[in-house]
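Commentary on secondary and tertiary structure
Below are the chains, spelled out letter by letter.
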Amino acid sequence: MKKLIPYLTTDHCKEAVSYYHAIFGGEIKNLQMSDGIPGFEQYPNKVLHAEIVISEQLTLYLNDIFQTPVTEGNSVILGLEFNSEEEITTIYTALAEEGTVEMELQEAFWGAIHAKVVDKFGFSWELNWEK
């Protein structure tokens, strides 16, 4: 195996791509829309697949919800390990701005700075920086 890539499904994918790109940076690649694709005529202006390549180690895949009902965000927690206190603070602040803080950014008993945030799309993020 090479790596695990989180694949986020939401009913507002274009907005989510912009949101996560603004927070994490990187490059938006391979944005495929449903328009003009046979079999997706009933889903105009939806994202079939998008990629945000943040670094060599981190890529996010995203797409819109199509037929299957989805309870967004509550079945997967995305864990991010950071390189610095500045980095974790920046990401925590951005995710919390329109999200819900479940655990404030704080010293954890295992010697790290840690937080848990549910972002505005309902996805849970565990943020950790080992000092």
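Here goes a summary of the coordinates provided. Computed from a predicted structure; not experimentally measured. (Residues numbered from 1 in each chain as written. Predicted model: local features only at pLDDT ≥ 70, side-chain atom pairs only at ≥ 80, totals over all residues. Heavy atoms only, no water.)

1. Some words on the packing of aromatic side chains
Evaluation of the coordinates by the stated rule reveals 8 aromatic pairs. Relative to Tyr-20, the ring of Tyr-19 lies with its centre 5.0 Å away and its plane at 65 degrees, an arrangement referred to as edge-to-face. A relative accessible area of 0% places Tyr-20 in the buried class. Among the aromatic side chains, those forming a connected cluster through ring pairs are Tyr-19, Tyr-20, Phe-24, Phe-121 and Trp-125. (Phe/Tyr/Trp six-rings, centres within 6.5 Å; stacked < 30°, edge-to-face > 60°. Buried < 20%, exposed > 50% of the residue type's maximum accessible area, 1.4 Å probe, protein only.)

2. What to know about the environment of Leu-8
Within the fold, Leu-8 resides in strand 1 (residues 7–10). The exposure class of Leu-8 is buried, given its relative accessible area of 4%. Between the C-alpha atom of Leu-8 and that of Glu-126, which follows or precedes it by 118 residues, the distance is 15 Å. Not counting chain neighbours up to four residues away, the residues in contact with Leu-8 comprise Tyr-20, Tyr-61, Leu-62, Asn-63, Leu-78 and Phe-123. (Helix = DSSP H or I, 4+ residues; strand = E, 2+ residues; numbered from the N terminus. Contact = heavy atoms within 4.5 Å.)

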